[in-house]
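Overview (structure and organization)
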Amino acid sequence: MRKIKNITLIMLLTVLLPFAIQAQDSQRSISLSQAIDSAMLHNESLHQATLNAKIAKEESLGANAIFMPQIGLSYNAYFTNNPLNVFGFKLQEQSVTAADFDPAKLNYPGFNKDFSAQIDVTQPIFNMDAIYQRSSARDYHQMQEWSRKRAEEYLSFQVKKAYLEVRLAYQNKKVIGKALETADAFLKRAEDMYEQGLIQKADLLDARVFQSKMRTDFQTAKSNILNSSDQLGFLMGKQPGVTYLVDTLRFSASSVRSLNLSYRNDILAYEAGFSAAKNKLRADKMSLIPRINAFGNYQYNDVKPFRFSSDSYFAGVRLSWKIFSGTQDWHKIKASRLERDKIASRLTETKSQAEMEYQKNLRQLSDLDYEMRQAESMVAQAQEGLNIQTDRYSQGLSSTSDLLRVQTQLAQTGLMREMVYFKKDLTIAYLAFITSSNE
């Protein structure tokens, strides 16, 4: 019998052990720097920005082809009874004889074939539109590089915000947990006083309702920890379900820098985009002027396949000028000019918005310093008020509703204080994002 119990215990441990390990692994301590490093490696949005930069780089390198020759190789098999083509094939095969000039044979050559291997070469010489297109591609690549760097800075800010939200969720849980402990103690005291006939049943019910509310708020606070942890994990490219334990760090306002838009990555990206748009406009205009290109081919012809008995070459220089193509080119130029103006407008708007947000957040930071002092004072006053009301309640000098009101006020002021701390740290982090640059 004992052996059967031991076997049953072993089987039970075998089943429950993986769940115990999973529960143990569902919590993880993480610092802010670790969270940022993980996000830089695994965040999908940043990965997409990196891919955009790589795509633009390849397109920029591909634009260098404007100076490179283009070479093609082809092998053709022709079958015809067309008199002109048949005679031409014989000339290319260098097999014309006097008998081929017989009028009957010239007019009715019958079935003939020709097999031709050919190498074609085109060498650009003067194509101004292609030169500006290459410059536009380079500027666009630079724009994507600056955009990628700005995406890194924004991701760093997002991670800081999510990290602060996890910390705020823990602090709220701590505040509500203390309020719940107070509510439990007060309910026990109220039950004792009710049994002694010192309070009415309505007062006891108020105490129970208050305790239930605190329990509900405490459960919500625990859920908020899970939700904010999932958001932090998402930014780091992790699967949901891990509860992160974070540091109780505070950001210093002394780290706030002055705003210098000349070196900010998004401004540099817009400037590179503006340059790309200007070069594209120039390329569209230059497509209206003549082009000069050299060309040539070398070919082998034979009446039988894969034989190369007769060879010839053909080379030259072509001057081409597209005189008229409807209104397509003109509308294309107008569209490029509007695109350039749109980017210029965005650049101006971004600079103005950056200045506005910088000044706004500086003022907000100053206001939050005042709010922090007020919140600390309010928490201290609420705690003192609770102590006084608790003593008065024990002496029968205060009502249950008064005591519950003061307890609620203490919990609310505690949550408000944590929110003020959160807003101050978030404002400092946002100011760091606004003022980040390549200086």
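For clarity, every value in this text was computed on a predicted model and none was experimentally measured.

When its secondary structure is counted, the chain shows 10 helices and 6 strands. Taken over C-alpha atoms, the radius of gyration comes to 40 Å for the chain, far larger than the 22 Å a tight globule of 439 residues would show. Projected onto the principal axes, the alpha-carbon positions of the chain cover approximately 140 × 75 × 35 Å. Residues classed as buried in the chain amount to 36% of the 439 residues present. Residue pairs in contact within the chain that sit at least 24 positions apart in sequence constitute 84% of those at least 6 positions apart. Looking at the chain as shown, the accessible area adds up to about 26600 Å², and 56% of this sits on carbon and sulfur atoms.

Turning our attention to the packing of helix H6 (residues 128-195) against helix H8 (residues 265-286). Packing of H6 against H8 leaves a shortest axis separation of 7 Å and a crossing angle of 165 degrees. Put simply, H6 runs roughly antiparallel to H8. In terms of crossing hand, the pair formed by H6 and H8 is left-handed. When grouped by side-chain class, the residues that make up the contact of H6 with H8 number 11 nonpolar, 9 polar and 8 charged.

The next thing to look at is the side chain of serine 60. Mapped onto the elements of the fold, serine 60 is located in helix H3 (residues 44-62). By relative accessible area, which is 9% here, serine 60 ends up buried. With sequence-adjacent residues up to four places away left out, serine 60 is seen in contact with Ala137, Arg138 and His141.

Now for the packing of H6 against helix H10 (residues 400-435). Close contact between H6 and H10 brings their axes to 10 Å; oriented N to C, the two are set at 165 degrees. Taken together, the axes of H6 and H10 are roughly antiparallel relative to one another. The crossing of H6 and H10 is right-handed. Taken together, the residues of the contact of H6 with H10 break down into 20 nonpolar, 6 polar and 8 charged.

This part is about the environment of lysine 188. Looking at where lysine 188 falls in the secondary structure, it is placed in helix H6. As for lysine 188 and threonine 327, which are separated by 139 residues in sequence, their C-alpha atoms are 88 Å apart.

As judged from the 11 bridges shared by strand E2 (residues 70-80) and strand E3 (residues 112-126), these two strands associate in the antiparallel manner. Bridging from a neighbouring strand, tyrosine 78 pairs with aspartate 114 of E3. Pairing of E3 with strand E5 (residues 291-302), which is carried by 11 bridges, proceeds in the antiparallel orientation. In the sheet register, threonine 122 faces E5, and the bridge partner there is phenylalanine 295.

Summarising the element assignment, aspartate 139 is placed in helix H6. Despite its burial, aspartate 139 remains without a salt bridge, the nearest opposite charge being carried by arginine 282 at 7.2 Å. Within polar-contact distance, the side chain of aspartate 139 engages the side chain of serine 275 at 2.7 Å. Not counting chain neighbours up to four residues away, the residues in contact with aspartate 139 comprise Ala272, Ser275, Ala276 and Asn279.

The next thing to look at is the pattern of salt bridges. Per the counting criterion, the structure on display carries 21 salt bridges. The shortest N-O distance in the salt bridge between aspartate 329 and lysine 322 comes to 3.3 Å. Classification of aspartate 329 by relative accessible area gives buried; the value is 10%. A salt bridge links glutamate 418 to arginine 417; the shortest N-O distance between them is 3.7 Å. Residue classification places glutamate 418 among the buried residues on the basis of a relative accessible area of 6%.

Here we come to the environment of leucine 431. Among the secondary structure elements, leucine 431 is positioned in helix H10. Contact partners of leucine 431, with chain neighbours within four places excluded, come to Val256, Tyr358, Asn361, Leu362 and Leu365.

This brings us to the packing of aromatic side chains. Per the counting criterion, the structure on display carries 11 aromatic pairs. Here phenylalanine 295 and phenylalanine 314 contribute two aromatic rings whose centre-to-centre distance is 6.1 Å and whose plane-to-plane angle is 40 degrees, an arrangement assigned as tilted. Of this pair, phenylalanine 295 sits in strand E5 while phenylalanine 314 sits in strand E6 (residues 310-320), and the two are 19 residues apart along the sequence. Phenylalanine 314 gets classed as exposed once you look at its relative accessible area, which sits at 51%. Joined through ring pairs, the aromatic side chains of Tyr154, Phe157, Tyr430 and Phe433 make up one cluster. Sitting over the face of the ring of tyrosine 421, arginine 250 holds its NZ or CZ atom 4.1 Å from the ring centroid. Sitting over the ring of phenylalanine 295, arginine 318 keeps its end group 4.4 Å from the ring centre.

On to H3, then. Helix length check: H3, at 19 residues, gives a terminal C-alpha distance of 27 Å against a target of 27 Å (1.5 Å per residue), a fit within 8%. Regarding H3, the residues found buried are Leu46, Ala49, Ala53, Ala56 and Ser60. Viewed along the axis of H3, the buried residues span an arc of 80 degrees, placing them on a single side of the element. Every exposed residue of H3 that faces more than 90 degrees away from the buried side is listed here: Lys54 and Glu58. Buried residues in H3 make contact with helix H2 (32-42) and H6.

Rules used throughout
Residues numbered from 1 in each chain as written. Predicted model: local features only at pLDDT ≥ 70, side-chain atom pairs only at ≥ 80, totals over all residues. Heavy atoms only, no water. Helix = DSSP H or I, 4+ residues; strand = E, 2+ residues; numbered from the N terminus. Rg over C-alpha atoms; globule rule 2.2 N^0.38 Å. Buried < 20%, exposed > 50% of the residue type's maximum accessible area, 1.4 Å probe, protein only. Contact = heavy atoms within 4.5 Å. Areas by Shrake-Rupley, 256 points an atom, 1.4 Å probe, with all protein chains shown as cover. Axes fitted to C-alpha atoms, helices over the stretch in contact; angles between N-to-C directions. Parallel < 35°, antiparallel > 145°, perpendicular 65-115°, else oblique. Left-handed = near helix turned anticlockwise from the far one by under 90°. Nonpolar A, V, L, I, M, F, W, Y, C, P; charged D, E, K, R; others polar. Pairing = 2+ DSSP bridges. Lys, Arg positive; Asp, Glu negative; His and termini not counted. Salt bridge = Lys/Arg side-chain N within 4 Å of Asp/Glu carboxyl O. Polar contact = N/O pair within 3.5 Å; in protein donor to acceptor, adjacent residues only side chain to side chain. Phe/Tyr/Trp six-rings, centres within 6.5 Å; stacked < 30°, edge-to-face > 60°. Lys NZ or Arg CZ within 6 Å of the ring centre and 35° of its normal. Expected span 1.5 Å × (residues − 1). Arc of directions from axis to C-beta.

Spatial relationships are all this shows, so hold off on functional conclusions.
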